[in-house]
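Here are the chains, one letter per residue:
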Amino acid sequence: CGFHPAGSRPLPDVLRRVYVDVVVPYRVSEPPLEASLRARLTRQGALVTKEAASATATIKLTNLKEGRQVLSVGPDGKAIEFLLVTTVEYEVIDGGQVLVPPGSLRVTRAYTFNTEQVLAKEAEEARLREYIQDQLAELLLLKLETQLSHQQGRVDGAPAAVVDPLP
Amino acid sequence: QDASPTRESRPRAAERLRPVGPVTVTATSVDWAKNGMMIYTGDVKLSSDTLNLDGDRLELEQLGDGEYRARIIGKPAHLLHSGTPASGETPADPPVTARGRTLVFDSKNGIADISGDARVTRGEDEITGETIHYNVNERRIQAAGGSGGQVRIVIQPNNRAAPAAGTP
Amino acid sequence: ADGGMCTQPRYSTTPLTAVVESADGGEERELDQKIFVEADSASMTREGLSQLMGSVRVRQGTKEISADNIDYDNAQQLITVDAESVFSNPELVIKSGSARFNLNDNSGVFRDSDFVLPTRGARGTSGEIRVATDGKAELRKTSYTTCPINSNAWYLEASDIRLDQDAGLGTARHARLRFGGVPILYVPWFQFPLDDRRRSGLLFPTIGETNQTGVDLRWPVYLNLAPNYDATVTPRLMTRRGFMLGTSGRYLLNNGEGRAQFDYLEDDKVFGKSRSLTRVDHANLFSRNLGLEATFAEVSDPQYFEDLGGTFASSSITYLERSARLTYQSPASYRVTALVQNFQTIDNGISAIDDPYKRLPQIRFDALTRNTYLDTRAGLNAEYVNFVRDGASVEGQRLDLQPYLRYQRDLNAWYVSSQVDYRYTGYKLSDPTQSLLANQQQQSPSRALPVVSAEGGLRFDRITSTGAIQTLEPRVFALYVPYENQDQLPLFDTGEPDFDFTQLFARNRFFGEDRISDARNLTGTVTTRVIDPETGDMQWSASFGQLYRLEASRVALPGQDAPDSGATDFIGEINYNFLSHWSAQVIGQWSPDRAELERSNVALRYRNPASGSRFDIAYRDRIGLLEQTDVSFNLPVSSAWRIGARSRYSIRDEKTLESFVGASYETCCWAISAAYRRFITGADGALNNGIYFQLELKGLSRIGTGFASLLPSDDGDDAATPGALGTANNLSNNSNGSGRSR
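From a predicted model like this one, the values you see are computed outputs, not experimental measurements.

S.K.: Sorry if this is basic, but what is going on with the overall build of chain C here?
M.R.: For chain C, the helix and strand inventory stands at 3 helices and 43 strands. The burial tally for chain C puts 51% of its 742 residues in the buried class. Long-range pairs, those at least 24 residues apart, make up 47% of the contacts in chain C with a sequence separation of at least 6. Approximately 32200 Å² of chain C is accessible, and the part contributed by carbon and sulfur atoms is 56%.

S.K.: How should the nonpolar core be read in this particular structure?
M.R.: Soluble globular proteins: nonpolar side chains tend toward being buried together. C:L52, C:Y144, C:L156 and C:F192 are the most contacted members of the largest nonpolar core, which totals 81 residues. Residues contacting C:L52, with those up to four places away along its chain left out, are B:I153, C:V37, C:A39, C:S41, C:A42, C:V58, C:D68, C:N69, C:I70 and C:Y72. The next biggest cluster of nonpolar side chains, apart from the first, holds 58 residues, and it includes A:L15, A:V88, A:V100 and C:F492.

S.K.: Just to check I follow, could you spell out the pairing of strand 42 (residues 670-680) of chain C for this structure?
M.R.: Regular strands place side chains that alternate from one sheet face to the opposite one. Residues and elements named next belong to chain C. In this sheet, strand 42 lies alongside strand 41 (residues 655-666) in antiparallel orientation, the contact comprising 9 bridges. Bridge pairing in strand 42 links A663 to A674. The hairpin formed by strand 41 and strand 42 contains 3 residues between the paired strands. The sheet contact formed by strand 42 and strand 43 (residues 687-697) spans 11 bridges and is antiparallel. Bridging from a neighbouring strand, A675 pairs with Y692 of strand 43.

S.K.: I keep staring at the pattern of salt bridges and nothing clicks. Help me out?
M.R.: One side chain can pair with another of opposite charge once the charged atoms of both are near each other. Residues and elements named next belong to chain C. By the definition in use, this model includes 76 salt bridges over all chains. Taking the shortest distance from any N to any O, the salt bridge between E383 and R364 comes out at 3.4 Å. Taken as a pair, E383 in strand 27 (residues 376-388) and R364 in strand 26 (residues 358-368) lie far apart in primary sequence, 19 residues in all. Since its relative accessible area comes to 23%, R364 is described here as partly exposed. Sharing partners across several salt bridges, the network here consists of R364, D366, E383, R398, D400, R423, D493, E513 and D514.

S.K.: Would you mind showing me how to read the state of the cysteines here?
M.R.: Residue and element names in this part refer to chain C. All chains considered together, the criterion is met by 1 disulfide over all chains. A disulfide bridge connects C147 with C669, and the sulfur atoms are separated by 2.0 Å. Its S-S torsion of approximately 80 degrees makes the covalent link between C147 and C669 right-handed. Of the two residues, C147 sits in the loop between strand 11 (137-145) and strand 12 (154-164) while C669 sits in the loop between strand 41 and strand 42, which places them 522 residues apart along the sequence. One exposure class covers both C147 and C669, and it is buried.

S.K.: Looking at this model, I keep getting lost on the interface of chain A and chain C. Mind explaining?
M.R.: Often the size quoted for an interface is simply the accessible area lost on bringing the parts together. Listed as interface residues are 69 residues of chain A and, on the opposing side, 99 residues of chain C. Surface buried jointly by chain A and chain C totals about 7100 Å² across both partners, of which 52% is contributed by carbon and sulfur atoms. There are 24 residue pairs in polar contact (both at pLDDT 80 or more) connecting chain A and chain C. At the level of elements, strand 1 (4-5), strand 2 (17-22), helix 1 (32-43), strand 4 (57-73), strand 5 (79-94), strand 6 (97-112) and helix 2 (118-156) of chain A are the ones that each hand at least two residues to the side of chain A that touches chain C. Per-element tally for the side of chain A that touches chain C: the top contributor is helix 2 of chain A, with 18 residues. In terms of residue class, the side of chain A that touches chain C is made up of 31 nonpolar, 18 polar and 20 charged.

S.K.: For this particular structure, what's the right way to read the sheet that holds strand 4 of chain A?
M.R.: Hydrogen bonding along the main chain pairs the strands of a sheet, whether they run parallel or antiparallel. Residue and element names in this part refer to chain A. Taken together, 5 strands build an open sheet; the order of strands is 3-2-4-5-6 and the sheet is mixed. Of all the strands in the sheet, just strand 3 (47-48) and strand 6 have a single pairing partner and so form its edges. Sheet topology places strand 4 next to strand 5; 13 bridges connect them, and they run antiparallel. Within strand 5, the position partnered with Q69 by the bridge is L83.

S.K.: It is not clear to me how the environment of B:G123 should be interpreted in this structure. Could you clarify?
M.R.: Residues and elements named next belong to chain B. Among the structural elements, G123 can be located in the loop between strand 7 (111-122) and strand 8 (125-135). Between the alpha carbons of G123 and D65 there is a distance of 32 Å; along the sequence they are 58 residues apart. If sequence neighbours within four positions are ignored, G123 has contacts with P94 and P95.

S.K.: Help me understand the packing of aromatic side chains, please; the structure alone is not making it clear to me.
M.R.: When we look at a pair of aromatic rings, we describe it by the centre distance and by the angle of the planes. Residues and elements named next belong to chain C. Overall, the coordinates contain 27 aromatic pairs over all chains when judged by the stated rule. A centroid spacing of 6.3 Å and a plane angle of 10 degrees characterise the contact between F578 and W582, whose relative ring orientation is stacked. Residue classification places F578 among the partly exposed residues on the basis of a relative accessible area of 22%. Judged by its relative accessible area of 26%, W582 falls in the partly exposed class. Its end group placed over the ring of Y483, R554 keeps NZ or CZ at 3.8 Å from the ring centre.

S.K.: In this structure, what is going on with unusual backbone geometry? I would like to understand it.
M.R.: Excluding glycine, most residues fall at negative phi; most peptide bonds, likewise, are trans. Following B:K75, the chain continues into B:P76 via a peptide bond in cis, with omega recorded as -10 degrees. Tracing the backbone shows B:P76 in strand 5 (residues 67-81). For the peptide bond that leads from C:L360 to C:P361, omega is 0 degrees, which places it in the cis range. Note that C:P361 resides in strand 26. Residues other than glycine seldom take positive phi values, yet C:H174 does so here, at roughly 45 degrees. When you line up the elements, C:H174 lands in strand 13 (residues 169-179). With relative accessibility at 43%, the residue C:H174 sits in the partly exposed group.

Reading the values: rules and limits
- Residues numbered from 1 in each chain as written.
- Chains lettered and ligands numbered in written order.
- Predicted model: local features only at pLDDT ≥ 70, side-chain atom pairs only at ≥ 80, totals over all residues.
- Heavy atoms only, no water.
- Helix = DSSP H or I, 4+ residues; strand = E, 2+ residues; numbered from the N terminus.
- Buried < 20%, exposed > 50% of the residue type's maximum accessible area, 1.4 Å probe, protein only.
- Contact = heavy atoms within 4.5 Å.
- Areas by Shrake-Rupley, 256 points an atom, 1.4 Å probe, with all protein chains shown as cover.
- Core = buried A, V, L, I, M, F, W, Y, C linked by side-chain atoms within 4.5 Å.
- Pairing = 2+ DSSP bridges.
- Salt bridge = Lys/Arg side-chain N within 4 Å of Asp/Glu carboxyl O.
- Disulfide = S-S within 2.5 Å.
- Buried area = accessible area lost by both parts, 1.4 Å probe.
- Polar contact = N/O pair within 3.5 Å; in protein donor to acceptor, adjacent residues only side chain to side chain.
- Nonpolar A, V, L, I, M, F, W, Y, C, P; charged D, E, K, R; others polar.
- Phe/Tyr/Trp six-rings, centres within 6.5 Å; stacked < 30°, edge-to-face > 60°.
- Lys NZ or Arg CZ within 6 Å of the ring centre and 35° of its normal.

What follows is the structure, encoded as structure tokens:
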């Protein structure tokens, strides 16, 4: 039914050497979103550089917000289901030039809550947040790939959607 | 050649402001028109002790008693009325210049009518308009915009009182 | 709703920045002092007195006066107009009946004037306006409003208003505030902002009436204490309960920031005692690699939020966390975190013995080698925790060591990864009540067992007939964990999570280290996504997965039976985005042996960021736990009106858990919003219903610090307490930016 092993669609040139700039105030460790984005870029043959200068594009991620809302309550009015909402704003720039205009992504996930297992639920929430950020990385890369190869398609004149033969 | 009608200076009421003293006119050529009007052409300069006029063509009309009406046309014609130093408590008067395509100066009433892109400066202030009347004796300027146009005045505030820092 | 009607009248005919032609083109500074006059006719006497007649305009720098006739004395640079004239400078435009203005020192007096603050969109009338040389303006017998010319919805009448543009402040004395012609406030002294700088001042009142608190009036005051810290004091008067004072503050250090909140009700007439809420959040960096995150929350009694919380979100809170977490992230490849944490459970349906354990402390060490040998990396997760709990329960210390080897090959078209770890968990238990632990052996139980998992996946993509990019990712996961009896291990932090997609790949059926489920599992999942070729947005995606237990597990939490062998529930999740603003989600968890849906979730969502309209409808069903419908919308119905509502109904209990209706009417100079709310709040299912009003007079308080909208907010955390300050005003810090990009 027309499926090829992934990799037939080349990464847009501008993403070949890319710097990932995540602004997360007061956090020392790398958010899962950044780690997943780095792994996905590397897997597709990109070189994730150490600083923006040596990259042909900078993926700038800001305003990474992880919120939690009460989704459902029990008959006693107490929370029995939470909704995790994670949003991030992205933009791709090269020096002063904007390659992909700013946009934002939102992924949510619901999970039940039980007051007698607060510590276990806290660990479950942490794992779900990690899963959400991995999903954000996947959606973000798909979006950037499409928009950048779209631009590059127009630039090269070759229709972007043509599938190259297997490398 | 230099033809300067001489006029003996009769003591008048000493209006300090009126231009007095001999009036000399220089030009490249002169022509006596029939009605007693003299027409000077070519780099015309009419000067008296406090008032100087210049232009391309001067029609000088003698009005008797030493009074005259000078009509100067130029591209543009100029007028210079020198200033007076301060004396006692009366402040100094800045020199006044005027220019326009046509300058008509009547020595009897002391008014110069400037028209045709008229521009008058008094000290650093400057007035432009269609027609400007400069009363030389009283050093008063009256300007009118003419049909539809407006008078424009640019005043350089003389900084007697130091201007306030900044504007609101 | 910033429509045309919001612009203030323009008195001056020509744009303020006059086109300047000057014969000799003086340079800027000197130009600034020059006075330009235009008139139909002018006469200038020797002493510098000028009479200017006929649509006269006098300009100097950015100031301009225009009138039919103007007398100007050049000696004193004094402009006098005894007829109607319009004076304007960038901050102030005055149409007055008579005017005196000194161009030299920029002072002036204007009588019987209408004035406009163009930068602020404010206007008013004044018997006499005195403009001083330093730019301050004093307006006597004046009225001030930000409403456009055709509406007098509200205005401030004052005997005296001083406008100080440099400080950006307006100060009114003996001010009466009239709304709709009715005086609603008399204030002897009142300051309001003239620009968007952070400024102390009154914010906006929230008036409500609920059965829990009676009439509930809150009027916050914002205190701009310093560039890097500020505070909001919220006096709150409740007729049924008394007077409460809420103070909250924010601070910004050069490498950290935080918020603190303390609400105190001296004497709650219904409750009989004083009540308080304390809340502190703090985060700072000691260095690039060492960071601290701390949070503390405490309420005086479990019913606090039910009685005083006032929102659905706050009254459903069941526990408050207090924790401080220090994280050291070494650039090499390990991370050490130290945490002290305990909780205040405020769900009074919970007996003390079920309170969560305190972790005093928990130390984690997580390391993973950066480089690989034959695509394999070695890692170690180690954790030491000292569990403490009040009441008669087992306490103790636990050490969990998990060294592992992880093999991973991740290419474009496929990936394979497997991990083998040997996990040792040892306890040193203590039993203050000497009743639970009989013999010595139970004093320090331990458990050690290997966990082996392998995972692989293929990645395909294609271009669909419509040109969209479709990805397809089948994945398999195998897990082997031998059985070890763990019945005598305590239960400190372990529980069983929801069985959902993420759980299909879990290496332990439980969360927490007290139980490791034995497993001989095989998991298969497939995920496909279709991406719009133009925008790169996901058009739709679907994921399906199932776990197959080759053998039944034997480890179970007390009181629960372990899952038997065979196929578990089949999990499916479909997301579909259509028509650019709509999105739908269907989640299903099908139990093959019970042939019924363990869990189902159907949701439809509409988001139109341009018009700010939202609509959600969802059905959520989890067998044995909940079956609820949830409908909410927030729609602008006209340029001024906006309505919103939300209703959560429990089909299982046949009860509406929360219903909310709100509306807001907003013009360019004022806004009012009202909300009716009814939600379950007590353990006995008691209903709290209340109605709230908020009035915002734009321009009397800094724009942006209005009020947390009463209408349901779209994302992020629900505001725990109503009236939480809309923090549009961020703190600045003299040192460079506090954000740190890695």
